[in-house]
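For reference, the chains in residue letters:
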Amino acid sequence: MNDNTSTIEKLNRLVASNPSNEEWFLFFTNLHAFHRSGMGLSIALDTIAAESTNLKLKECLFSMAVMIKDEGIQLAEAMERQKIFPTLAVFTIRAGEKSGNLEKAMEELTQQIERQGNITQKIKTALLPVYISYAFLSIAAVIVFAFLIPKFQVIYKERNMDLPAFTKMTFAVLDFIKNQWYIIALIAIAIGCAIYYIKKHKQHWLDKLWLKTPVIKSLVYYQLQYRISTNFAMFAASNSNHIDTLEELASISGNTIAADALRKTAIKIMNGNSLSSSMKENNEEKIFDYILMNMVRSGEDNGSLPYQLGIAAEVYRKKVLAIIENFGTKITTVTLIPIAIVFVFIMVSLYYPMLMISQVKH
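Residues numbered from 1 in each chain as written. Predicted model: local features only at pLDDT ≥ 70, side-chain atom pairs only at ≥ 80, totals over all residues. Heavy atoms only, no water.

Visitor: Sorry, what's going on with the packing of aromatic side chains here?
Guide: In this structure the tally under the stated criterion is 15 aromatic pairs. Taken together, a centroid distance of 6.4 Å and an interplanar angle of 65° make the contact between Trp24 and Phe27 edge-to-face. Of this pair, Trp24 and Phe27 both sit in helix α2 (residues 21–36), 3 residues apart, roughly one helical turn. Relative accessible area serves as the criterion here: at 7%, Trp24 is assigned to the buried category. Plain terms: the ring middles of Phe28 and Phe85 are 6.5 Å apart, the flat faces sit at 70° to each other, and that makes the pair edge-to-face. Of this pair, Phe28 sits in helix α2 while Phe85 sits in the loop between α5 (75–82) and α6 (87–99), and the two are 57 residues apart along the sequence. Overall, the relative accessible area of 0% leaves Phe28 in the buried class. (Phe/Tyr/Trp six-rings, centres within 6.5 Å; stacked < 30°, edge-to-face > 60°. Helix = DSSP H or I, 4+ residues; strand = E, 2+ residues; numbered from the N terminus. Buried < 20%, exposed > 50% of the residue type's maximum accessible area, 1.4 Å probe, protein only.)

Below you can see the structure in the form of structure tokens.
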């Protein structure tokens, strides 16, 4: 019985998913509350683990509690050993431990996870009508190609009609799909392989493409500005040095173009340059927005860098939210209108010969 239970538990761990954004938010909220109340970290981790519904997180928290209690390691190191915690979380907690203000670091991390989660949820909500439209169009495409077009083919063949060119084109496409389906399958596989290759080996090119593609480039760009400014503000408030902060920002930026610019900026600072001048010298790709750069310069001049970066972060957060409001509509317009034109063409090509028959009869 014990062997069966152990096997089931191992299988559950294998298929268990990494924690979602909501689960991370709940974990760090609870951890912050317990730490603020004076509860020891190992006891807090055990308590949260007992209530966690995510098997992978539960196991990691129990393991961390043992490490902290028996080995005396710090929370950030215990998190890093588990390999599932977000890099941002590990770096933030480590910065809080170094500065002696772990409670503040936990609070800021929780707020950041919540804000980023809200933005992600709004993007998903904005795209929901697009997904629904695609689903309906897919069903319509199956009906048209599997039932409607073949039916019209039979009708016109029985009448031995001289069909217009665009109707013949529609029938030819259907015949190609039915008879040469394997070619379409090979093309789809080739496209999938190409996308995989690009993601694996040409991510730099792909990231540059996202920053230049109409409709989505503004959202990608201002999300990047928000991510840089809000995380930089959080790290600066923890008294983390700029070089470590920039290296960490590069690893969590989500964009290789931005990561390169951040790492080059860190190198300039190592050579004795200021943060603002280093950002300006490494802004060939226009990664750093003018608002962000001006806020950094102002923060350096008056010694209020975390505050100025916080202002910039709020500006970019509002910009991102404003872009999201119309994002779904723009995506729908750009992607669905061409598909709708194709459907109109097909329907006209099918019904036009029927219309000509009725006019001849009259």
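Let's pick the thread back up.
Visitor: Explanation requested: the nonpolar core in the structure shown.
Guide: Within the largest apolar cluster, 79 residues are counted, with the highest numbers of intra-cluster contacts made by Phe27, Phe28, Leu31, Leu75 and Phe85. Per-element accounting of this core gives the leading share, 11 residues, to helix α11 (residues 217–237). Contacts of Leu31, omitting those with residues within four sequence positions, involve Leu41, Ala44, Leu45, Ile48, Leu75 and Met106. Listed in part, the 10 residues of the second largest apolar core include Ile149, Phe152, Phe343 and Leu350. (Core = buried A, V, L, I, M, F, W, Y, C linked by side-chain atoms within 4.5 Å. Contact = heavy atoms within 4.5 Å.)

Visitor: Is there a simple way to think about the pattern of salt bridges in this case?
Guide: For side chains bearing opposite charge, pairing can occur when the charged atoms are close. Counted under the stated rule, the structure contains 9 salt bridges. Of the charged contacts, one joins Lys104 and Glu108 as a salt bridge, the two residues approaching to 3.8 Å between their closest N and O atoms. A residue pair is termed a helical-turn pair when its members lie 3 or 4 positions apart in one helix, as Lys104 and Glu108 do in helix α7 (residues 102–158) at 4 residues. With a closest N to O distance of 3.1 Å, Lys268 and Glu281 form a salt bridge. Note that Lys268 is positioned in helix α13 (residues 256–270) and Glu281 in helix α14 (residues 275–281), a separation of 13 residues in sequence. (Salt bridge = Lys/Arg side-chain N within 4 Å of Asp/Glu carboxyl O.)

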